[in-house]
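Structural overview for review
Below are the chains, spelled out letter by letter.
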4 protein chains.
Amino acid sequence: MDLTPEQRAEIDEARAASTPTRRATSPALEEVLYEPVPVLDHGFVRVIDYMGDDSAVVQAARVSYGKGTKKVSNDEGLIRYLLRHRHTTPFEMCEIKYHMKMPIFVARQWIRHRTANVNEYSARYSVLDREFYIPEPDQLAAQSVSNRQGRGDVLKGEEAARVLDLLRTDAQNTYDHYVEMLNEDEQGNLIDEGKSGLARELARMNLTLNTYTQWYWKIDLHNLLHFLSLRADAHAQYEIRVYAEAMMDSLKRWVPLTYQAFMDYRVGGAQLSAKGLDVVKKMLAGETVGQEDSGLSKREWRELMEVLGRDA
Amino acid sequence: MDLTPEQRAEIDEARAASTPTRRATSPALEEVLYEPVPVLDHGFVRVIDYMGDDSAVVQAARVSYGKGTKKVSNDEGLIRYLLRHRHTTPFEMCEIKYHMKMPIFVARQWIRHRTANVNEYSARYSVLDREFYIPEPDQLAAQSVSNRQGRGDVLKGEEAARVLDLLRTDAQNTYDHYVEMLNEDEQGNLIDEGKSGLARELARMNLTLNTYTQWYWKIDLHNLLHFLSLRADAHAQYEIRVYAEAMMDSLKRWVPLTYQAFMDYRVGGAQLSAKGLDVVKKMLAGETVGQEDSGLSKREWRELMEVLGRDA
Amino acid sequence: MDLTPEQRAEIDEARAASTPTRRATSPALEEVLYEPVPVLDHGFVRVIDYMGDDSAVVQAARVSYGKGTKKVSNDEGLIRYLLRHRHTTPFEMCEIKYHMKMPIFVARQWIRHRTANVNEYSARYSVLDREFYIPEPDQLAAQSVSNRQGRGDVLKGEEAARVLDLLRTDAQNTYDHYVEMLNEDEQGNLIDEGKSGLARELARMNLTLNTYTQWYWKIDLHNLLHFLSLRADAHAQYEIRVYAEAMMDSLKRWVPLTYQAFMDYRVGGAQLSAKGLDVVKKMLAGETVGQEDSGLSKREWRELMEVLGRDA
Amino acid sequence: MDLTPEQRAEIDEARAASTPTRRATSPALEEVLYEPVPVLDHGFVRVIDYMGDDSAVVQAARVSYGKGTKKVSNDEGLIRYLLRHRHTTPFEMCEIKYHMKMPIFVARQWIRHRTANVNEYSARYSVLDREFYIPEPDQLAAQSVSNRQGRGDVLKGEEAARVLDLLRTDAQNTYDHYVEMLNEDEQGNLIDEGKSGLARELARMNLTLNTYTQWYWKIDLHNLLHFLSLRADAHAQYEIRVYAEAMMDSLKRWVPLTYQAFMDYRVGGAQLSAKGLDVVKKMLAGETVGQEDSGLSKREWRELMEVLGRDA
């Protein structure tokens with residue numbers, strides 16, 4: 001992550017300000033407000049604003065005239081009940097806004113979550129920064145053999161070196177040509193007076209998908225939990241998962257009771273099908289159950305045994 | 001609007017609190033935070049929380065590291081430009097949350113706006129208050145003769161008296177029977193030990209549509225403007241329009257620059273069709289244009305002349 | 001359910017039509033197209049239109065040039081995989097449209113699902129039918145003692161008779177007064193020439209919440225499954241559950257493979273928390289686990305034992 | 001647009017099928033169903049499925065038991081009324097599904113419209129085709145001098161030649177390296193047995209933004225009209241506008257009455273602010289009005305005069 005001195009100064013100025021408010025305030029999140037958390041080689045996540053805290057969830061669930069319940073312990077019990085039983089609307093009553101910088105191929109995966117508000121830096125209007133994501137050597141994974149959509153072992157030796165070289169060289173070359181076509185450098189200076197410069201909205205097409213972009217991204221707490229349950233999961237692509245993990249820390253600071261309930265009920269849990277639940281009940285009753293008499297396909301059986309931590 | 005002493009105390013307690021925050025703060029909105037504004041005979045609107053201010057719109061439009069632009073005058077110019085040209089996403093970056101009380105038939109119209117988050121007071125779970133909307137005599141309008149969906153002159157004399165009497169009596173009777181079927185009064189006291197009491201989720205069906213309900217309602221600034229442009233409009237039903245008007249005041253306090261741009265560009269403006277615009281151009285050029293040669297139907301012509309303030 | 005001869009004729013006319021199409025067609029759903037299925041005493045559900053079938057889910061998942069996969073058995077395997085692993089977007093590619101008639105208090109609960117498109121019959125514009133929901137005696141349940149949001153035993157004897165009488169009488173009286181205030185009967189005939197008649201948008205407020213309304217309601221297959229998983233569930237209020245059950249039949253006709261996967265993976269299944277899963281693993285390994293050492297609260301433990309069909 | 005023989009055969013097979021249906025059918029759209037319309041150098045748009053027609057809009061607006069009104073002329077009048085007065089929900093009752101191929105930078109702009117359902121071809125799972133967008137010489141526009149977000153004159157001579165050469169060469173090189181890193185050619189054949197091959201989810205990041213992607217995209221008629229009003233507009237970037245224009249033809253075939261109303265009321269029309277409308281009224285009344293006494297800023301005045309086709 002590379003901030004210009006001017007960007008650093010803008011952030012420091014915002015952090016120095018303090019105004020009294022009557023609103024619900026989350027002190028642990030205030031501590032880190034505006035401060036970028038580095039992610040990948042040039043990316044970051046920083047919280048820009050938030051609305052509500054744990055007690056706001058309770059307040060909405062109760063359609064209350066005051067704040068939450070009388071006791072924190074009651075708030076906690078209600079929040080855990082709401083999350084366990086998927087009463088989702090009270091969690092929609094809190095909102096958080098991030099500023100993030102990430103590679104374009106990560107942004108493309110991210111934006112499939114349509115329940116957020118987004119303002120992306122416009123490459124029709126402005127020139128993108130000369131920043132590309134180049135994976136760390138330990139993230140240079142081969143295609144998985146068993147999973148068409150996953151990673152296998154880490155590449156080694158010459159193959160790894162060649163890949164890193166190609167990624168670096170191609171990103172630099174295409175960016176150099178982007179600047180040449182624009183006829184304008186990153187500071188907006190004209191390069192060659194004899195040229196017109198290609199329109200920004202066209203020149204951008206020469207950039208590679210590991211070029212960094214940035215956006216403001218705002219979402220309510222319910223949809224944030226849904227996003228995190230998918231993207232902080234082990235099955236998510238590493239390059240988006242590291243962003244989700246950085247956001248887990250802001251979640252914990254913002255709404256600690258909701259965070260704990262989320263960890264207890266969503267993370268690390270499992271969904272059992274009716275037939276799968278039946279198998280578990282029989283096993284607990286001491287019956288011997290096999291795939292053939294379970295009503296499950298071989299694949300379903302294997303997945304169930306994995307969940308239960310048993311040999312298939 | 002009738003607050004219990006306990007409700008009043010809860011509101012006062014919330015208003016008395018003050019916490020420092022690094023977030024964008026809107027002082028004029030802070031002044032009225034939590035305070036209910038009476039609407040209709042028993043309803044109210046009160047702001048519970050908000051996120052962002054005018055500068056947050058600018059900040060998101062610029063995907064900025066700091067706050068807004070350097071000068072308020074620049075912020076204003078950009079906000080007006082964004083609103084005029086329907087660049088809507090930066091306005092989605094501010095959020096506001098209300099607590100409202102309103103008659104059920106108003107709530108039913110309101111909830112067609114699906115872009116908000118809602119937590120309604122549950123009549124499956126709790127007993128509704130004994131409060132019904134009875135129109136003021138000057139709002140007791142006859143069915144419009146020209147507009148199937150509108151109001152005509154105000155009812156008078158015996159007819160008005162009879163209507164008011166029916167509305168009052170029926171609401172009271174059905175509420176009395178609601179309580180009787182529940183076998184539980186509004187304070188939750190058992191009425192007759194020999195009875196079981198009908199389930200709340202069933203008993204509520206006996207209430208009339210002017211019974212008051214309440215909810216928490218949260219929306220982003222863009223969608224709030226859309227809601228207000230429809231519901232603060234003269235064509236909206238009076239009983240929802242008065243709520244929208246009360247919300248216009250909170251809009252003005254919250255984001256004064258956006259409010260002014262909204263008043264200038266959306267409120268009182270008009271949409272001209274291609275053919276309608278053509279008619280205006282010809283008229284301005286001194287040509288005589290009539291309905292027959294305008295390409296407009298008689299109805300469209302009449303609507304255009306109305307917009308232009310001319311005789312059809 | 002009471003159709004006028006004119007309504008019956010309109011439905012028969014629509015059912016008699018047949019046009020060739022190149023689109024995916026679902027023969028079993030075509031059979032019942034437009035035909036109302038009675039629900040409650042005056043309500044119905046009927047399918048008006050649909051888009052796509054099981055193979056359309058597969059086609060979208062594969063971003064295919066043709067239809068689905070080559071074999072039905074492959075389509076089935078892929079659909080089950082997608083549903084099991086919550087790859088939801090391909091299910092959004094099918095759409096269904098219903099016409100329904102239901103009591104207003106049911107419509108109010110229903111419309112909280114914001115992911116559907118809705119056109120409701122307008123009581124600002126038209127006069128509502130004289131139809132009210134009166135529960136069958138075996139649905140006249142007392143308030144549950146253990147669950148504030150549920151039903152207990154069925155009311156009996158005098159209490160039941162009194163409740164039914166109140167519901168019937170109040171609905172009739174308020175409807176009679178509605179017509180009187182409108183000064184217009186259900187056929188639109190003027191009642192008293194000396195009166196103006198109250199505006200429809202006001203008169204409707206005198207109706208009780210068991211009055212029937214109707215709407216067109218359109219939703220994609222993914223969101224329909226979500227709706228049905230909540231509303232066809234045993235915890236849903238009976239009066240909405242019977243609608244969801246009628247819709248389960250149209251689901252089965254429309255997309256039989258998706259229906260079967262839905263029954264196998266969503267209906268009757270259970271969500272285990274991380275700690276709950278841990279308890280199950282220990283039990284399967286022959287360990288004795290109790291609530292105290294499980295990390296679960298008493299309530300959570302009781303809920304888990306219920307899911308597993310064991311004594312708490 | 002380049003279809004493989006297998007893709008062509010799949011499309012022909014789908015087009016050859018014909019099944020009877022009771023559903024509303026749009027004959028002119030059936031004619032072109034499944035058939036790709038070429039857009040840009042390798043892209044296309046083809047309609048995969050649709051639900052409803054003009055009469056379905058009317059049917060929903062009336063919450064009807066049959067189809068539309070009795071006469072086509074009444075349907076037309078009602079559709080025009082609904083569109084003119086922005087009664088949008090009946091238009092949400094029709095749905096259309098497209099399969100499209102487009103450059104990634106176009107897809108990125110497109111997906112900001114969040115009201116559609118999308119299934120994109122997965123470059124985590126599959127290898128993308130060797131196809132890149134290279135603009136026609138007459139679209140090789142310079143950056144606009146007056147509009148930071150627009151195009152100016154067309155580049156000429158050496159500058160144009162150099163730009164085309166860079167775009168072509170960079171796309172080819174980065175694609176060649178993509179294949180090399182994957183160690184797998186476009187047909188899925190292993191290239192070098194001694195190598196592991198980089199994971200697809202990583203290798204894709206080396207592609208340039210003019211690489212073609214494809215997706216299934218489904219939207220309702222109301223949101224389609226909104227999309228087209230923005231993207232078929234002269235201010236939209238050329239590379240997305242040509243897609244919108246191809247879709248205008250399918251709109252015309254699908255719902256001809258709605259299409260005509262859309263052309264008359266939305267396309268080529270203008271939004272006047274309250275102050276702008278005031279200026280027009282004064283001008284029509286023969287008054288002389290200038291920018292200074294109009295209450296409009298210089299920029300607003302200039303924009304108004306442009307709309308009215310007058311000198312500023």
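Calculation rules
Residues numbered from 1 in each chain as written. Chains lettered and ligands numbered in written order. Predicted model: local features only at pLDDT ≥ 70, side-chain atom pairs only at ≥ 80, totals over all residues. Helix = DSSP H or I, 4+ residues; strand = E, 2+ residues; numbered from the N terminus. Buried ≥ 20, exposed ≤ 12 C-beta atoms within 10 Å, placed from the backbone. Contact = placed C-beta atoms within 7 Å. Nonpolar A, V, L, I, M, F, W, Y, C, P; charged D, E, K, R; others polar. Pairing = 2+ DSSP bridges. Domains from an automatic or database assignment. Least-squares fit on C-alpha atoms with pLDDT ≥ 70 in both. Axes fitted to C-alpha atoms, helices over the stretch in contact; angles between N-to-C directions. Expected span 1.5 Å × (residues − 1). pLDDT = per-residue confidence, 0-100. Parallel < 35°, antiparallel > 145°, perpendicular 65-115°, else oblique. Left-handed = near helix turned anticlockwise from the far one by under 90°.

Before going further, it helps to spend a moment on the overall build of chain A. Scanning chain A for helices and strands turns up 12 helices and nine strands. Along the three orthogonal principal directions, the C-alpha set of chain A runs to about 85 × 60 × 30 Å. For chain A, the residues scored as buried account for 48% of the 312 residues in total. The contacts in chain A between residues at least 6 apart in sequence include a share of 65% that link residues at least 24 apart.

To continue, consider the interface of chain A and chain B. Interfaces are often sized by the amount of accessible area the parts lose when they come together. Every contact between the two is made by 43 residues of chain A and, on the other side, 43 residues of chain B. By residue number, the principal contributor to the side of chain A that touches chain B is helix α1 (residues 5–16) of chain A, which donates six residues. Within the side of chain A that touches chain B, the residues separate by chemical class into 19 nonpolar, 11 polar and 13 charged. As paired elements, strand β1 (residues 19–21) of chain A and strand β1 (residues 19–21) of chain B share three bridges and run antiparallel to each other. Considered in β1 of chain B, the bridge of T21 of chain A is made with T19 of chain B.

Residues and elements named next belong to chain A. Here chain A is partitioned into domain 1 (1–128 + 212–269), domain 2 (134–209) and domain 3 (274–307). When each unit is reduced to the centre of its C-alpha atoms, the spacing between domain 1 and domain 2 is 30 Å. On the domain 2 side, the residues contacting the 10 residues of domain 1 number 10 residues. Per-class residue counts for the side of domain 1 that touches domain 2 are eight nonpolar, no polar and two charged.

Take the environment of T21 of chain D next. Tracing the chain through its elements places T21 of chain D in strand β1 (residues 19–21). C-alpha separation for the pair T21 of chain D and V106 of chain D, spaced 85 residues apart in sequence, amounts to 36 Å.

Attention now goes to the relation of the copies chain A and chain B. Overlaying chain A on chain B yields an RMSD of 0.0 Å, the required transformation being a rotation through 180° with an accompanying axial translation of 0.0 Å. As the rotation angle and translation indicate, the two copies are arranged about a two-fold axis. If distances are taken from each C-alpha of chain A to the rotation axis, the shortest is found for P20 of chain A, at 2.1 Å. In this assembly, 100% of the residues forming the interface of chain A have copies in chain B that are likewise at the interface, indicating an isologous arrangement.

A few words on the interface of chain B and chain C. Taken residue by residue, the interface counts 43 residues in chain B and 43 residues in chain C. Along the lines of polarity and charge, the residues of the side of chain B that touches chain C split into 19 nonpolar, 12 polar and 12 charged.

Residue placement: A142 of chain C occurs in strand β6 (residues 141–143). When the C-alpha positions of A142 of chain C and W254 of chain C are compared, they lie 38 Å apart, and in sequence the two are 112 residues distant. The residues contacting A142 of chain C, other than those within four sequence positions of it, are S196, G197, L198 and A199 of chain B together with G152, D153 and L155 of chain C.

All names here are of chain D. Spatially, β2-β3-β4-β8-β5 is the arrangement adopted by the five strands of the open sheet, whose pairing is antiparallel. A single partner strand is all that each edge strand has here, and the edge strands are β2 (37–39) and β5 (117–120). Shown here is a sheet whose adjacent strand axes are inclined to one another by a mean of 25°, direction ignored. Pairing of strand β4 (residues 95–103) with strand β8 (residues 212–220) involves nine bridges; the strand directions are antiparallel. Looking at the pairing, M100 lines up with W215 of β8. Relative to strand β3 (residues 43–51), helix α9 (residues 238–254) is tilted by about 35°, and along the sheet it contacts β2, β3 and β4.

Let us look at helix α6 (residues 157–182) of chain C. Since the α-helix advances by 3.6 residues per turn, residues separated by three or four positions end up pointing in the same direction. Its 26 residues place the ends of α6 of chain C 38 Å apart at the C-alpha level, agreeing with the 38 Å of an ideal helix rising 1.5 Å per residue. Looking at α6 of chain C, one finds that the buried residues are V163, L166, L167, D170, A171, T174, Y175, H177, Y178, E180, M181 and L182 of chain C. Lining the buried residues of α6 of chain C we find α6 (157–182) of chain B together with α7 (200–203) of chain C. Positive phi shows up at N183 of chain C, right after α6 of chain C, with a value of about 60°.

Let's shift gears to the relation of the copies chain B and chain C. When chain B is brought onto chain C, the operation consists of a screw motion whose angular component is 180° and whose axial shift is 0.0 Å, with 0.0 Å RMSD remaining. The fraction of interface residues of chain B whose copies in chain C are also interface residues reaches 100%, indicating that both copies meet through the same surface.

The next thing to look at is the pairing of β8 of chain D. All names here are of chain D. The buried count for β8 comes to nine of nine residues, which makes it a mostly enclosed element. In this sheet, β8 lies alongside β5 in antiparallel orientation, the contact comprising four bridges. Bridge assignment links N119 to a residue of β8, and that residue is Y216.

With 99% of its residues at a pLDDT of at least 70, chain A reaches an overall mean of 93. For this predicted complex, the interface confidence comes out at an ipTM of 0.94, alongside a pTM of 0.95.

What follows is about the packing of α6 of chain B against α6 of chain C. The contact between α6 of chain B and α6 of chain C brings their axes to 11 Å, and the two run at 165°. Taken together, the axis directions place α6 of chain B and α6 of chain C in an arrangement best described as roughly antiparallel. By crossing handedness, the relation of α6 of chain B to α6 of chain C is classed as left-handed. Seen from α6 of chain B, the contacting residues are V163, L166, D170, N173, T174, H177 and M181 of chain B; seen from α6 of chain C, they are V163, L166, D170, N173, T174, H177 and M181 of chain C. Looking at the contact of α6 of chain B with α6 of chain C residue by residue, the classes come out as six nonpolar, six polar and two charged.

This paragraph deals with unusual backbone geometry. Backbone geometry at N183 of chain B places phi at a positive 60°, although glycine is not the residue there. By the secondary structure assignment, N183 of chain B is in the loop between α6 and α7 (200–203). Residue R86 of chain C is not a glycine yet carries a positive backbone phi of 55°. Within the secondary structure, R86 of chain C is located in the loop between α4 (72–84) and β4 (95–103).

Let us look at the sheet that holds strand β5 (residues 117–120) of chain B. Residue and element names in this part refer to chain B. Read from one edge to the other, the open sheet built from five strands follows the order β2-β3-β4-β8-β5, with strand pairing classed as antiparallel. Either end of the sheet is taken by a strand with one partner, and the two such strands are β2 (37–39) and β5. Across the sheet, the axes of successive neighbouring strands diverge by a mean angle of 25°, strand direction being ignored. Pairing of strand β3 (residues 43–51) with strand β4 (residues 95–103) involves seven bridges; the strand directions are antiparallel. Counterpart to F44 in the pairing with β4 is K101. Here helix α9 (residues 238–254) sits on the sheet in contact with β2, β3 and β4, set at roughly 35° to β3.

As for its placement among the helices and strands, V163 of chain B is situated in helix α6. Separated by 28 residues in the primary sequence, V163 of chain B and P135 of chain B place their C-alpha atoms 10.0 Å from one another.

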